[in-house]
Amino acid sequence: MRLSLLLLLLWPGPLATPGMEDATFPHLGESSQPPPRACPPRCSCPRADTVDCNGLDLRVFPDNITRAAQHLSLQNNQLQELPYNELSRLSSLRTLNLHNNRISSEGLPDEAFESLTQLQHIYVAHNKLSVAPQFLPRSLRVADLAANQVMEIFPLTFGQKPALRSVYLHNNQLDNAGLPADAFRGSEAVATLSLSSNRLRYLPPSLPASLERLHLQNNLISKVPRGALSHQTQLRELYLQHNQLTDNGLDTTTFSKLRSLEYLDLSHNQLATVPAGLPRTLAVLHLGRNRIRRVEAGRLRGARALRYLLLQHNALGSAGLPAGALRPLRGLHTLHLYGNGLDRVPLALPRRLHALVLPHNRVAALGARDLASTPGLAELNLAYNRLASARVHRRAFRRLRGLRSLDLAGNQLTRLPTGLPAGLRALRLQRNQLRGLEPEPLAGLDQLRELSLAHNRLRVGDIGPGTWHELQALQVLDLSHNELSFVPPDLPEALEELHLEGNRIGHVGPEAFLSTPRLRALFLRANRLHMTSIAAEAFLGLPQLRLVDTEGNLEQVLVRLPPAAPRGPRAGGS
């Protein structure tokens, strides 16, 4: 009894062994509840191994963190240093999140992490480190030091880490001198390495052979040294865009050993030709915004699995894509040629091509067989070229039975093209010079859902009777910015969205929407409507109408929606 009482008086805190109180001192009536867990002030500790001090504006490292903590979050605070004595106690830590503080290299002792032998994830992004920690634990799996001012890393920062999988060093100030050749020696499991937005002038040699994703975009890289990518046989994604690569900075072996490569981004460089030696596994090749003048068939022959070829904003002229140059790419899905100088659709394209994107070129004519080699096209974009109606053959689109989207906006068409495929879903003809509409070109388009005729010169009297008759599925019709003086009659029954803004409409009669009972949105802004210009009965047969936009007319126009429509706020004075 006396010994038990003495033990109680000398013991500094709650007894540690569960149930010991009742078993030894039943006469004192001690509770059998477990002792409360210690948690730093204002932090939360949802589990015994988790301490969350996120976003508390802390300026000093908390000093009451349990030794049992495995996951510690201190992100979004004002910490400037990590005290070694406090950090070294936390030998069970597996995750340490220091993201978005003010920690400098001076505030991070060299030995700061040597006691954290179980640490697997460390996040120190968005701080003020000028050099990386000299030593990180061997147990590490993920290291994020992005968005600091790091100019140098050391052999044991990331080296000798057999479990390390991901390293993020983007948005720092690393040059090649700050990245030692043995930076990843002994770390043979690294799959993701991000070195983007640094100051590298050539692709670093001796990168891990285990890499699957390598980010090097937004550097100053002008050269890939010979053999620098000869061992990365598991690499699937390589990002080299926004650098200073020229043809002299690459050779025929640069990419040839990358037998798992699927995605290669070389856009925003200074290449004049398509790189040679591309691997046959490549599925996406991004070469946009270079200086490529001609695509040689031999350069792409090896990349037979290519699905997406992006060549936008280069210098491809009339001879830039010779007939058949892409024919070996039998599985090509999308060809992107936006913003070049092509004066005709390239001939002899792969038969299985699904999308041909050719806006902002100089295409002035479409012959009867120009598209004959691509019967599987589903999307054709020829917007903002120089097409005139007289030079578009009446059979130009007839073979494209699978075409679903056709964009001819921004050309010089004065009439609708004929021979359009019956399966078309979207037809865009805005910003042409259309002066009239006749039913024949639209005949058979009973699957068309979207039709844009905005920014033309259409008047109601120039729209022939029956023009809309066969457009049974049309849901969106854009007639904005034309010369219409009233709502065109007999619009399609399925119509849900009607754009009439920017015309000359001065009156909306009671019969205006009798043919469109499913109308949901109506745009009448910037016309010539007065307060009494819209008949009170105009919207009575439109139970689904939710929006009427009448802003920017001659007078404020008040619109009464049908009783079935909700009475919430409505745009445009409706």
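Residues numbered from 1 in each chain as written. Predicted model: local features only at pLDDT ≥ 70, side-chain atom pairs only at ≥ 80, totals over all residues. Heavy atoms only, no water.

## Quick notes on the overall build of the protein
Then comes step 1: Helices and strands together make up the secondary structure of the protein, namely 6 helices and 23 strands.
Then comes step 2: Taken over C-alpha atoms, the radius of gyration comes to 34 Å for the protein, far larger than the 25 Å a tight globule of 574 residues would show.
Then comes step 3: The 574 residues of the protein split such that 49% are buried.
Then comes step 4: A sequence separation of at least 24 residues applies to 49% of the contacts in the protein between residues at least 6 apart.
Then comes step 5: Taken as a whole, the protein presents about 26,700 Å² of accessible surface, with 48% of it coming from carbon and sulfur.
Then comes step 6: Charge centroids of the protein, computed over 64 positive and 47 negative side chains, lie 10 Å from each other. (Helix = DSSP H or I, 4+ residues; strand = E, 2+ residues; numbered from the N terminus. Rg over C-alpha atoms; globule rule 2.2 N^0.38 Å. Buried < 20%, exposed > 50% of the residue type's maximum accessible area, 1.4 Å probe, protein only. Contact = heavy atoms within 4.5 Å. Areas by Shrake-Rupley, 256 points an atom, 1.4 Å probe, with all protein chains shown as cover. Lys, Arg positive; Asp, Glu negative; His and termini not counted. Charge placed at Lys NZ, Arg CZ, Asp CG, Glu CD.)

## Some thoughts on the packing of aromatic side chains
Then comes step 1: Counted under the stated rule, the structure contains 3 aromatic pairs.
Then comes step 2: Both rings, one in phenylalanine 158 and one in phenylalanine 184, keep their centres 5.9 Å apart while their planes meet at 10°; by these two values the pair is stacked. With phenylalanine 158 in helix H4 (residues 155-158) and phenylalanine 184 in the loop between strand E7 (166-168) and strand E8 (192-194), this pair connects stretches of sequence that are 26 residues apart.
Then comes step 3: Aromatic side chains phenylalanine 513 and phenylalanine 539 sit 5.7 Å apart centroid to centroid with 20° between the ring planes, which places their arrangement in the stacked category. Remark: phenylalanine 539 occurs in the loop between strand E22 (521-523) and strand E23 (547-549) and phenylalanine 513 occurs in the loop between strand E21 (497-499) and E22; sequence separation between them is 26 residues.
Then comes step 4: Given the relative accessible area of 3%, phenylalanine 513 is considered buried. (Phe/Tyr/Trp six-rings, centres within 6.5 Å; stacked < 30°, edge-to-face > 60°.)

## So, the state of the cysteines
In protein chemistry, a disulfide is the covalent bond that joins the sulfur atoms of two cysteines.
Then comes step 1: Applying the stated criterion to the full structure yields 2 disulfides.
Then comes step 2: Here cysteine 39 engages in a disulfide with cysteine 45; their sulfurs sit 2.0 Å apart. Its torsion about the S-S bond being 85°, the disulfide of cysteine 39 and cysteine 45 is classed as right-handed.
Then comes step 3: Bridging cysteine 43 to cysteine 53, the disulfide has an S-S length of 2.0 Å. Between cysteine 43 and cysteine 53 the sulfur-sulfur dihedral comes to about 110°; the bridge is accordingly right-handed. With cysteine 43 in the loop between helix H2 (20-24) and strand E1 (44-47) and cysteine 53 in the loop between strand E2 (50-52) and strand E3 (71-73), the pair connects residues that are 10 residues apart, well separated along the chain.
Then comes step 4: With relative accessibility at 13%, the residue cysteine 43 sits in the buried group. (Disulfide = S-S within 2.5 Å.)

## Things to note about the nonpolar core
Then comes step 1: Counting 149 residues, the largest nonpolar core has Leu356, Phe397 and Leu453 as the members making the most contacts within it.
Then comes step 2: Residues in contact with phenylalanine 397, not counting those within four places in the same chain, are Leu366, Leu371, Leu380, Val392, Leu406, Leu408, Pro417, Thr418, Gly419, Leu420 and Pro421. (Core = buried A, V, L, I, M, F, W, Y, C linked by side-chain atoms within 4.5 Å.)

## Describing the pattern of salt bridges
Between side chains of opposite charge, a pair can form when the charged atoms approach closely.
Then comes step 1: The full count for this structure, using the stated rule, is 10 salt bridges.
Then comes step 2: For glutamate 212, the salt bridge is made with arginine 236, and the minimal N-O distance between the two is 3.5 Å. Of this pair, glutamate 212 sits in the loop between E8 and strand E9 (213-215) while arginine 236 sits in the loop between E9 and strand E10 (237-239), placing them 24 residues apart in sequence.
Then comes step 3: For glutamate 212, a relative accessible area of 17% translates into the label buried.
Then comes step 4: Residues participating in the shared-partner salt-bridge network are Glu212, Arg213 and Arg236. (Salt bridge = Lys/Arg side-chain N within 4 Å of Asp/Glu carboxyl O.)

## Things to note about a positive patch on the surface
Then comes step 1: A grouping of Arg301, Arg304, Arg330 and Arg352 is seen on the molecular surface, where their side chains present a positively charged patch.
Then comes step 2: Secondary-structure assignment places arginine 304 in the loop between helix H5 (297-300) and strand E13 (308-310).
Then comes step 3: With a relative accessible area of 46%, arginine 304 lands in the partly exposed category. (Patch = residues over 30% accessible without salt bridge, like charges linked within 9 Å, V, L, I, M, F, W, Y side chains within 5 Å.)

## A closer look at unusual backbone geometry
Then comes step 1: The phi dihedral of tyrosine 384 falls on the positive side, at around 55°, and the residue is not glycine.
Then comes step 2: Checked against the element boundaries, tyrosine 384 lands in the loop between strand E16 (379-381) and strand E17 (405-407).
Then comes step 3: By relative accessible area, tyrosine 384 is classed as partly exposed at 33%.
Then comes step 4: In this structure, histidine 455 is a non-glycine residue whose phi angle is positive, near 55°.

## Points about the environment of arginine 404
Then comes step 1: As for its placement among the helices and strands, arginine 404 is situated in the loop between E16 and E17.
Then comes step 2: Residues arginine 404 and leucine 90, spaced 314 residues apart in sequence, show a C-alpha to C-alpha distance of 61 Å.

## Digging into the pairing of E1
Then comes step 1: As defined by bridge partners, E1 adjoins E2 across 2 bridges and the pair is classed as antiparallel. The residue of E2 that forms the bridge with serine 44 is aspartate 52.
Then comes step 2: Where E1 hands over to E2, the hairpin turn is made up of 2 residues, counted between the paired strands. (Pairing = 2+ DSSP bridges.)

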